[in-house]
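# Structure assessment
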Amino acid sequence: MSHNKIINSTHAFLLLLCTFFLVSQVHAGSWRSEATIGGKLKAHVYVPTTSPALDGKRALMVSMHGCGQTHSDFKQGANWRGAADDYGMVVALPMASKEGTYGWVGCWNFHVGMNASRTQTDAKYLINMVNALIADTSLNIDPKQVYITGLSSGAGMTNQMACLAPDIFAGAGVNAGPAPGSNGSSSDLNNPAISANQGKTNCNNLAGSFKSHLYTQVYNNVHGTDDGSVSPAHAQRNTDIFEKVYEQSGSGISVCSTSSLSGGGDVTTLCDGTGPRISKVMVNGMGHAWPAGPGSSGGGNYIDHTHVNYPTLRNSFLTTTDVLAAVAVHLPPHQPRPLHPLLLLRRATSTIPVTTHMFRQVVRTTAGVPYVPLAQTIIWVTTTHTPSVD
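Residues numbered from 1 in each chain as written. Predicted model: local features only at pLDDT ≥ 70, side-chain atom pairs only at ≥ 80, totals over all residues. Heavy atoms only, no water.

Under the definition given, this model contains four salt bridges. With a closest N to O distance of 3.0 Å, Arg 32 and Asp 136 form a salt bridge. You can see Arg 32 sitting in the loop between β1 (30–31) and β2 (35–37) and its partner Asp 136 sitting in the loop between α4 (121–135) and β6 (141–151), a full 104 residues away along the chain. Owing to a relative accessible area of 23%, Asp 136 belongs among the partly exposed residues under this scheme. Residue Asp 272 is joined to Arg 277 by a salt bridge in which the shortest nitrogen-to-oxygen separation is 3.1 Å. Pair check on accessibility: Asp 272 and Arg 277 agree, each one buried. (Salt bridge = Lys/Arg side-chain N within 4 Å of Asp/Glu carboxyl O. Helix = DSSP H or I, 4+ residues; strand = E, 2+ residues; numbered from the N terminus. Buried < 20%, exposed > 50% of the residue type's maximum accessible area, 1.4 Å probe, protein only.)

Structure below.
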């Protein structure tokens, strides 16, 4: 795949985990009754009644709990509901199958390491669940708008799925997890054992014939600086790995901005020729937890409600930083580029509203296509881009 072709399949950008700071005060949708979806995994599914954010089709967010947690903990405390309403997004919270070495404590079975396969154990079940949700026409899910995130063992599973199935998952958000190919050994969790180069090789090998889909994926990782379960050093290692993975497309990737979050967080953003591609968020003082922020509640010990508060940081954050984190999008050639900073939607044919009082400016133009930094996360903009195809 050529560099031009990568640019032509432009990704709209921004964060999955950042969905928290746009939580609405009114919940228009509802949780379906827990059900087994795709033949194996039990899941809670949130279905909004608000309109889809883009082109009449809904995005799907898959969010995975960690060891010692359940999908019900995430339903109660992870703070997805408001974001789902704001953007017309379906959220699926699956329960781990409890297979594998640590299944007895509710861990996802990423511990198979480089023996992972799309046709076995939790990887297979997640793909089947996503396919079943897409096939449910009542949900109106766009297969081009499917994203995945998770905490701890869910983060290890997210790294694995980002590499195994980049054709399915347009973007990934990793919250305190080890590198692709890790088997979750205690020595690795305490100190990253997989080098950046080995992680790149692992990801390529896991992707196999789907490797080219990695070149248009977007990646974020979030980690607490006081995490005593999974070393915070994994945040930088994951960043380095996916920088090497994505650079294979021929598009150079480098740090384009650093910033601080009020409430205690530091953000490093890496860009390629079309804009933000990877981001790392370190939450100062947070332990091993999912950062739901003040204003949220419940879900047990591994959901943080005291540090970075995404819902209430909305206004101040919009004016202080470019990018908090990322989930990905792949845009087909000859489509307008959606500059949707939250859901990273791939399709852009609809009319998009602009909240003018929060508009600052489009700060960068690359290849004739402006993109909107996180400073306008409330803003939606579309621009028509007709690239050449070679």
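Moving on, we come to the pairing of strand β3 (residues 41–47). Within β3, six of the seven residues are buried, leaving the element largely enclosed by the surrounding structure. Here β1 runs beside β3; their pairing, made up of two bridges, is antiparallel. Looking at β3, one finds that Trp 31 is bridged to Tyr 46. If you look at the hairpin formed by β2 and β3, you'll find three residues sitting between the two strands, and Gly 38 has a positive phi there, around 80°. The pairing of β3 with strand β5 (residues 90–94) spans four bridges and is classified as antiparallel. Within β5, the residue paired with Tyr 46 across the bridge is Val 91. (Pairing = 2+ DSSP bridges.)

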